[in-house]
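# Per-entry structural report
One letter stands for each residue in the lines below.
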Amino acid sequence: MHMANYIWKLAQQVKVRQRVVATAITYMRRVYIRKSMSEYDPRLVAPTCLYLAAKAEESTVQARLLVFYIKKLYNSDEKYRYEIKDILEMEMKILEALNYYLVVFHPYRSLSPLLMDAGINDISMIQLCWGLVNDTYKMDLILMHPPHLIALACIYIGSVYREKDITTWFEELRVDMNVVKNISMEILDFYDGHKLITEEKISSAFSKVAMKL
């Protein structure tokens, strides 16, 4: 989650679309299915995934620009001081770890048509659902569930929170509502649990990674 936030901060600096951020985070999570953090330093993997995702999503960002903003954001931390050559070298390692498979299907693609089909045109409800989908990238959901079910879970949470009864619409979809509700619970559990992840715990985790590198 910390490194997902790191990617988001960098993305805001280099001004790329949310879809690029989502793809970058998905790449990062895919990498760590196969590789250890003690082998691939997340402080280098995260910006490199953003660099690669920007290419894949046709929003190219120059490596030197990423290096500039990394130094600007983490000027006092030597552990973040990577150069252009480091990003380019890590790019090749990430491509190998991903088996050169760069396609990512996102919940965003399903969300808008589903909201429209459900007859939801309340701006606050739509924004809530989009915000929920954005937050799912701080979890492992994109690796575990089909994107359209994640989108449905976000709509389900939004409908309960905004007290909109769309039960009939869900029934007509003929999806397994137990799965949708389970994903919804995972999302809600995240909001409860992420508060326990303090900066001290993050620093402690990074110190252990540093010892192994």
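Look up: the structure comes first, before these words.
Rules used throughout
Each chain carries its own residue numbering, running from 1 in the written order of its sequence. Totals for whole chains, interfaces and linings use all residues, but because this is a predicted model, local features are given only for residues with pLDDT of at least 70 and pairs of side-chain atoms are given and counted only at 80 or more. Side-chain metrics in this entry use all non-hydrogen atoms of the structure; hydrogen atoms and water are not considered. Labels follow the DSSP assignment, with helices taken as runs of H or I lasting at least four residues and strands as runs of E lasting at least two, numbered in each case from the N terminus. Any Phe, Tyr or Trp ring, taking Trp's six-membered ring, that has another such ring centre within 6.5 Å forms a pair; planes under 30 degrees apart are called stacked, those over 60 apart edge-to-face, and the others tilted. When accessible area is computed with a 1.4 Å probe and restricted to protein chains, residues below 20% of their type maximum are described as buried, those above 50% as exposed, and intermediate ones as partly exposed. Pairs of N or O atoms are called polar contacts if they sit within 3.5 Å, as long as, within protein, a hydrogen donor faces a hydrogen acceptor (for residues adjacent in sequence, only side-chain-to-side-chain pairs). Between two residues, a contact is recorded if the distance between any of their heavy atoms is within 4.5 Å. The patches described consist of residues with a relative accessible area above 30% and no salt bridge, like charges being joined within 9 Å and nonpolar side chains (Val, Leu, Ile, Met, Phe, Trp, Tyr) within 5 Å. Computed by Shrake-Rupley with a 1.4 Å probe, the accessible areas treat only the displayed protein chains as cover when residues are assessed. Criterion for a salt bridge: a side-chain nitrogen of Lys or Arg within 4 Å of a carboxyl oxygen of Asp or Glu. Fitting a line to C-alpha atoms yields each axis, with helices limited to the stretch in contact; the angle taken between N-to-C directions then spans 0 to 180 degrees. Orientation labels follow simple angle bins: below 35 degrees gives roughly parallel, above 145 gives roughly antiparallel, 65 to 115 gives roughly perpendicular, and whatever is left gives oblique. Crossings are classed by handedness, with left-handed meaning an anticlockwise turn of the near helix from the far one by less than a right angle and right-handed meaning a clockwise turn. All residues other than Ala, Val, Leu, Ile, Met, Phe, Trp, Tyr, Cys, Pro, Asp, Glu, Lys and Arg, Gly among them, are scored as polar; the first ten of these are nonpolar and the last four charged. What makes a nonpolar core is a set of buried Ala, Val, Leu, Ile, Met, Phe, Trp, Tyr and Cys residues whose side-chain atoms join them at distances within 4.5 Å.

## Here we look at the environment of alanine 56
Along the chain, alanine 56 turns up in helix 3 (residues 42-56). In this structure, the C-alpha to C-alpha distance between alanine 56 and valine 20, residues 36 residues apart in sequence, is 8.3 Å.

## As for the packing of aromatic side chains
This model, assessed by the stated rule, comprises six aromatic pairs. Centroid distance tyrosine 108 to tryptophan 130: 5.4 Å. Interplanar angle 15°. Geometry classified as stacked. Separated by 22 residues along the polypeptide, tyrosine 108 in helix 6 (residues 108-117) and tryptophan 130 in helix 7 (residues 123-136) bring together distant segments of the chain. Ring geometry for tyrosine 108 against tyrosine 137: centres 5.8 Å apart, planes inclined by 10°, an arrangement best described as stacked. Taken as a pair, tyrosine 108 in helix 6 and tyrosine 137 in the loop between helix 7 and helix 8 (141-144) lie far apart in primary sequence, 29 residues in all. With a relative accessible area of 9%, tyrosine 108 lands in the buried category. Judged by relative accessible area, which is 1%, tyrosine 137 ranks as buried. One aromatic cluster is present, formed by Tyr108, Trp130 and Tyr137 through successive ring pairs.

## Some words on the side chain of serine 59
Locating serine 59 in the fold gives a position in the loop between helix 3 and helix 4 (63-73). Judged by its relative accessible area of 19%, serine 59 falls in the buried class. A polar contact is formed between the side chain of serine 59 and the side chain of arginine 17, at a distance of 3.4 Å. Filtering out sequence-adjacent residues up to four positions away, serine 59 remains in contact with Val16, Arg17, Val20 and Ala54.

## Describing a nonpolar patch on the surface
Taken together, the side chains of Ile33, Leu143 and Met144 make up a nonpolar region of the molecular surface, amounting to roughly 290 Å² of accessible area. Inspection of the secondary structure assignment puts isoleucine 33 in helix 2 (residues 18-34). What makes isoleucine 33 exposed here is its relative accessible area of 57%.

## A closer look at the packing of helix 1 (residues 2-14) against helix 3
Where helix 1 contacts helix 3, the two axes come as close as 9 Å, and the packing angle between them is 45°. Overall, the two elements helix 1 and helix 3 adopt an arrangement that is oblique. As helix 1 runs across helix 3, the sense of the crossing is right-handed. When helix 1 is examined against helix 3, the residues Met3, Tyr6, Ile7, Leu10, Ala11 and Val14 are found in contact with a partner set consisting of Pro42, Arg43, Ala46, Pro47 and Leu50. Classifying every residue of the contact of helix 1 with helix 3 by side-chain character gives 10 nonpolar, no polar and one charged.

## Thoughts on the pattern of salt bridges
Within the structure shown, the criterion is met by eight salt bridges. A salt bridge links glutamate 57 to arginine 19; its shortest N-O distance comes to 3.0 Å. Highlighted residues: glutamate 57 in the loop between helix 3 and helix 4 and arginine 19 in helix 2, separated in sequence by 38 residues. Here glutamate 57 falls in the buried class, since its relative accessible area comes to 15%. Its relative accessible area of 32% is what places arginine 19 among the partly exposed residues. Across the salt bridge formed by lysine 164 and aspartate 122, the nearest N and O atoms sit 3.5 Å from each other. You can see lysine 164 sitting in the loop between helix 9 (147-161) and helix 10 (167-173) and its partner aspartate 122 sitting in the loop between helix 6 and helix 7, a full 42 residues away along the chain. For aspartate 122, a relative accessible area of 27% translates into the label partly exposed.

## Quick notes on the nonpolar core
Soluble globular proteins: nonpolar side chains tend toward being buried together. Of all hydrophobic cores here, the largest spans 73 residues; its most connected members are Leu50, Ile155 and Ile187. Leaving out residues up to four positions away in the same chain, isoleucine 187 has contacts with Leu132, Thr136, Met139, Leu141, Ala153, Cys154 and Ile157.

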